[in-house]
Amino acid sequence: MRPIFASIVLLAATLASLTAQKRPVVFLITDAEGVAGVCRQDQTETKNPELQRLLTGEVNAAVRGFKLGGADVVVWDGHSNSSTLSTTTVEGAPLVMGGLGPKMLLDRGYSAVAFLGQHARAGRERAVMAHSYSSLGIQRLTMNGKEVGEIETRSALAGAFNIPVIFLSGDQAAADDLLAIVKDAEVAVVKEGIGYYACISMPAAGAQALIEQKAAAAVKKIASIRPYRIEGPVEITTEYSTRSTPSPENALPEGTDRTGPRTLRIRGANFMEAWTRWSSR
Ligand SMILES: [Zn+2]
């Protein structure tokens, strides 16, 4: 190869890799209870064909939107035991399957986190199947005295890695939960909760169009949305349900004490320490 030609090839390759590096990657966390048309417990079973169809439709709409906005996407099948989505029907993005550790892969340097099909935290009114991690196991979850669920804790986890949360789709209550901590996030409200098992939902096609549009808009905000960071020591209190009452015989992990017959308090010097202890409790 002539030297001049070789340097042109090298320059082109360098430019290509620079542009490739520049394309942001969104880590999309999926759930079931915030999907349009999902309003009953039986619809949240991972093999429920209607859930699979509705959720996959929304996932693919979000992927199309993020890509349209200029980002790539990695989708995590985050509902239940991670067995709802399939690579035969999820299009345009790799699928993360299986349970994740406390860092949830966020140490891989993703540019943004997004929630799809998300529900509000336990105890919220007018919120479809609102719960915090486990509807059967956990009655109430607080972080530094504030009631929280997946939205607040995972946003704080993203914040610990300096990653902003840019998008959520779900019911109005879930959208309000995110906007309370990340006011500039793009939200696609696909249904309104009337009660725990009652809602007014958009038709699937309309919900998917809205999700695609908001996801595209969210990519433009990656640089401007501030990561949600919790500074200083963190205390996470878990009030278990009666059927999940922790046995007083069980040894407590480091940083943990019992503050009631059904309540454990976990403390850490910072969010990551408290979160890692909570995740391995
Ligand atoms: Zn959930």
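This text goes with the structure placed above it.
Just so we're clear, the structure is a prediction, and the values are computed from it rather than from any experiment.

Peer 1: Would you mind going over the overall build of the protein in detail, with residue names and values included?
Peer 2: Of the regular secondary structure elements, the protein holds six helices and 12 strands. At 20 Å, the protein has a C-alpha radius of gyration in line with the 19 Å of a compact globule built from 281 residues. Over its C-alpha atoms, taken along the principal directions, the protein stretches across nearly 80 × 45 × 35 Å. Relative to its full complement of 281 residues, the protein shows a buried share of 42%. For the protein, contacts bridging at least 24 residues in sequence account for 66% of all contacts bridging at least 6.

Peer 1: Which residues make up the sheet that holds strand S12 (residues 263–268), and what values go with them?
Peer 2: With antiparallel pairing, five strands are arranged side by side in an open sheet as S6-S5-S10-S12-S11. Edge strands, defined here as strands with exactly one partner in the open sheet, are strand S6 (146–147) and strand S11 (256–260). Bridge analysis of S11 against S12 gives four bridges, and the strand direction is antiparallel. Each bridged residue has a counterpart across the sheet, and for Asp 257 the counterpart in S12 is Arg 265. Helix H6 (residues 271–279) rests against strand S10 (234–240), S11 and S12 of the sheet, and its axis sits at about 145° to S12.

Peer 1: For the sheet that holds strand S4 (residues 112–118), give the residues involved together with the corresponding values.
Peer 2: Read from one edge to the other, the open sheet built from seven strands follows the order S3-S2-S1-S4-S7-S8-S9, with strand pairing classed as mixed. Every other strand in the sheet has two partners, leaving strand S3 (95–96) and strand S9 (198–201) as the edge strands with one partner each. Relative to S4, strand S1 (residues 25–30) is paired through five bridges, and the arrangement is parallel. What sits directly across from Leu 28, in S4, is Ala 114. Those strands touched by helix H2 (residues 49–69) are S1, strand S2 (72–76), S4 and strand S7 (165–171), and its axis lies near 155° from that of S2. The strands that helix H5 (residues 204–219) touches are S4, S7 and strand S8 (186–195); relative to S8, the one it contacts most, it runs at about 140°.

Peer 1: Quick rundown of the nonpolar core? Include the residues and the values.
Peer 2: Core analysis: the biggest nonpolar cluster contains 76 residues, and Val 26, Leu 28, Ala 62, Val 113, Ala 114 and Leu 178 have the highest contact counts within it. Sorting elements by how many residues they give to this core places H2 first, with eight residues. Setting aside residues no more than four positions away along its own chain, Leu 28 makes contact with Ala 62, Val 73, Val 74, Val 75, Trp 76, Ala 114 and Leu 116.

Peer 1: With reference to specific residues and values, describe unusual backbone geometry.
Peer 2: Even without glycine at this site, Met 104 takes up a positive phi of about 50°. Along the polypeptide, Met 104 turns up in the loop between S3 and S4. Despite not being glycine, Tyr 133 shows a phi value in the positive range, around 65°. Tracing the sequence through the fold places Tyr 133 in the loop between S4 and strand S5 (138–143).

Peer 1: Which residues make up the pairing of S12, and what values do they have?
Peer 2: By the bridge criterion, six bridges tie S10 to S12 in an arrangement that is antiparallel. Residue pairing for S12: Glu 235 is matched across the bridge by Arg 267.

Peer 1: How would you explain the packing of helix H3 (residues 150–160) against helix H4 (residues 172–181) if you had to name every residue and give the values?
Peer 2: Packing of H3 against H4 brings their axes to within 9 Å, and their N-to-C directions diverge by 35°. Between H3 and H4 lies a crossing of right-handed hand. Taking contact as the criterion, the partners of Ile 151, Glu 152 and Ser 155 in H3 are, on H4, Ala 174, Asp 177, Leu 178 and Ile 181. Of the residues that constitute the contact of H3 with H4, the class distribution is four nonpolar, one polar and two charged.

Parameters and conventions
- Residues numbered from 1 in each chain as written.
- Predicted model: local features only at pLDDT ≥ 70, side-chain atom pairs only at ≥ 80, totals over all residues.
- Helix = DSSP H or I, 4+ residues; strand = E, 2+ residues; numbered from the N terminus.
- Rg over C-alpha atoms; globule rule 2.2 N^0.38 Å.
- Buried ≥ 20, exposed ≤ 12 C-beta atoms within 10 Å, placed from the backbone.
- Contact = placed C-beta atoms within 7 Å.
- Pairing = 2+ DSSP bridges.
- Axes fitted to C-alpha atoms, helices over the stretch in contact; angles between N-to-C directions.
- Core = buried A, V, L, I, M, F, W, Y, C linked by C-beta atoms within 7 Å.
- Left-handed = near helix turned anticlockwise from the far one by under 90°.
- Nonpolar A, V, L, I, M, F, W, Y, C, P; charged D, E, K, R; others polar.

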